[in-house]
Amino acid sequence: MSDQSSSKIISETISNTSNESGNNFGFIESVTDINNRKDNLIKTESNIEEETSTFKRNDEWFWDTNSEQIFAQDSKTIIAVGHASVKSIVPLELLRHIYLPQKPHDRIFDPTTRTISYLQPRSYLPVNSLIQGEKKRILVTGGAGFVGSHLVDRLMLIGHEVIVLDNFFTGRKNNLAHWIGHPNFELIRHDVVDPFLIEVDQIYHLACPASPPHYQYNPIKTVKTSVMGTINMLGLAKRVKARFLLTSTSEVYGDPEEHPQAETYWGHVNPIGPRACYDEGKRVAETLTYAYMHQDSVDVRVARIFNTFGPRMNENDGRVVSNFIMQALKGEELTIYGDGLQTRSFQYVHDLVDGLILLMNKDYMEPINLGNPDEYTIREFAELIRNEVNSSSKIKTLPAPTDDPKKRRPDILRAEQILGWKPRWPVKQGIGETVKYFKRQMEAGLIG
Ligand SMILES: O=c1ccn([C@@H]2O[C@H](COP(=O)(O)OP(=O)(O)O[C@H]3OC[C@@H](O)[C@H](O)[C@H]3O)[C@@H](O)[C@H]2O)c(=O)[nH]1
């Protein structure tokens, strides 16, 4: 996303208050500005029911009541994420300040010695002050991972108390460094395969490696994580009467014979193939979730997540988005597996987080697909990435992985009808933001 006038004020405030040594003195002033802006956005949204016109407009932004979207003046640039019904609206600049800083807030990288000096955090982003009853204790398993850390950011900003469990196999402490020490936040190194007891109101159960090379690296461990991890978390939910949300996957549909895939489709999975540890693991996780619901009245939610991308993806993750972006940035060949005619539909991470929070707070127990139906062949997708990175990288063809699904696109009617959710981020805009993220990570010496 290009720098827009609407967000410039905030960006400038932020960059002006960071001094040369990279520490964050004066940061409080800038975030107060951001918070005021957030209040304005939320206030405007609650007033909007009384408005007869479709758009609420001021000098910097306007609110489109039809799409429930807040845009910049150009009517296209997204400047806020979230939904009023669950109080999750946050100005995009606030989130970008965390994952896309001009300079990292908490460290100085010295390119000569290639050392990093970590700074003592002095202040945190402002979180809402929720009244008793509104403020929940929320457990996020896998909260240090790519999706988990974005979810944690949003839950923290909403004002909840958040406890993260992560074994750091694919998760990273750095993804959450900006919350460590905050009174509402706790980070615990723990593997969900082992039982864990805590008093909480809600559990978002994300813990599991999600990229094919990672989950196939140790397939027995992947099955253990899905099965024993889910039993442990459902057992906890039962014991403390917490609401439990399972992050399942589009991989439960396998190599689908139905297209697009609706939640009613039972799937087409090879139970003994290399992907089975993840696909069947998640299918059993769903089975367990509904067994605990029927047998023990656990209050459950199931999200089936389709291909998702965004900042904080692991650069070596092995999935197509991070592979292509990193290859294009380094001028290396883009690796297409197979003929490249297989399709995927890619959603930007902020949309997914919106969907997860809406689902957790809705009274609906059947599985719900969360994905962007915008479908690309992998070859088309390689082209899109090359254009976005402005790269002249060539394409290299490698053998197709066993059981690689030939097509995938979510049917999201249920999410639209039940949650009032649909993706807001065009794929190109999300890719632009992700490319920026990887570039900044490279410049900061954090990835090579
Ligand atoms: O470098 C690459 C990487 C991947 N690919 C292809 O791109 C497509 C997408 O591959 P990815 O590894 O990104 O993701 P997959 O769709 O195979 O699996 C994903 O599905 C949904 C999620 O639950 C998980 O994140 C993940 O398992 C596949 O067809 C793959 O073969 C390439 O052509 N080149």
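Residues numbered from 1 in each chain as written. Predicted model: local features only at pLDDT ≥ 70, side-chain atom pairs only at ≥ 80, totals over all residues. Heavy atoms only, no water.

(A) Main features of the domain arrangement of the protein. Parsing the protein into structural domains produces domain 1 (80-309 + 349-371 + 411-425) and domain 2 (310-348 + 372-410 + 426-447). Domain 1 puts 55 residues into the contact, and the matching count from domain 2 is 42 residues. Approximately 4,200 Å² of surface area, both sides summed, lies buried where domain 1 meets domain 2, with 53% of it carried by carbon and sulfur atoms. The largest per-residue losses of area from domain 1 upon contact with domain 2 belong to Asn-307, Phe-309 and Trp-425, which jointly make up 22% of the total buried on that side. The tally of links from domain 1 across to domain 2 stands at 6 salt bridges. A salt bridge links Lys-406 to Asp-255; its shortest N-O distance comes to 2.5 Å. Run the count over domain 1 and domain 2 and you get 25 residue pairs in polar contact (both at pLDDT 80 or more). Residue assignment for the side of domain 1 that touches domain 2 shows that the elements contributing at least two residues are helix 3 (92-99), strand 6 (107-110), helix 4 (146-158), helix 5 (212-217), strand 14 (308-309), helix 9 (349-360) and strand 18 (367-370). (Domains from an automatic or database assignment. Contact = heavy atoms within 4.5 Å. Buried area = accessible area lost by both parts, 1.4 Å probe. Salt bridge = Lys/Arg side-chain N within 4 Å of Asp/Glu carboxyl O. Polar contact = N/O pair within 3.5 Å; in protein donor to acceptor, adjacent residues only side chain to side chain. Helix = DSSP H or I, 4+ residues; strand = E, 2+ residues; numbered from the N terminus.)

(B) Representation of the site of the ligand. In the vicinity of the ligand there are 23 residues, among which Thr-249, Glu-251, Arg-319, Thr-335 and Arg-344 approach most closely. For the ligand, an oxygen atom lies 2.9 Å from a polar atom in the side chain of Asn-307. The contact in question runs from an oxygen atom of the ligand to an N or O atom on the side chain of Gln-342, over 3.0 Å. Considering the ligand on its own, with 670 Å² of exposed area, one finds that the protein chains cover 96% of that surface. For the shell around the ligand, the residue count by class is 10 nonpolar, 7 polar and 6 charged. When residues of the shell around the ligand are assigned to domains, at least three fall in each of domain 1 (80-309 + 349-371 + 411-425) and domain 2 (310-348 + 372-410 + 426-447). (Near = heavy atom within 4 Å. Areas by Shrake-Rupley, 256 points an atom, 1.4 Å probe, with all protein chains shown as cover. Nonpolar A, V, L, I, M, F, W, Y, C, P; charged D, E, K, R; others polar.)

(C) Examining the pattern of salt bridges more closely. Within this structure, the stated rule accounts for 23 salt bridges. Between Arg-275 and Asp-404 there is a salt bridge, with the nearest N and O atoms lying 3.6 Å from each other. In this pair, Arg-275 is assigned in the loop between strand 12 (243-249) and helix 7 (276-296) and Asp-404 in the loop between strand 20 (395-398) and helix 11 (413-419), connecting sequence segments 129 residues apart. In this structure Arg-275 comes out as buried when scored by relative accessible area, which is 8%. (Buried < 20%, exposed > 50% of the residue type's maximum accessible area, 1.4 Å probe, protein only.)

(D) Representation of the packing of helix 3 against helix 12 (residues 427-443) in the model. Axis separation between helix 3 and helix 12 bottoms out at 11 Å; the angle between their running directions is 30°. Comparing their axes, helix 12 and helix 3 come out roughly parallel. Residues Leu-92, Arg-96 and Tyr-99 of helix 3 form the contact with helix 12, whose own contacting residues are Glu-433, Lys-436 and Tyr-437. Of the residues contributing to the contact of helix 3 with helix 12, the split by class is 3 nonpolar, no polar and 3 charged. (Axes fitted to C-alpha atoms, helices over the stretch in contact; angles between N-to-C directions. Parallel < 35°, antiparallel > 145°, perpendicular 65-115°, else oblique.)

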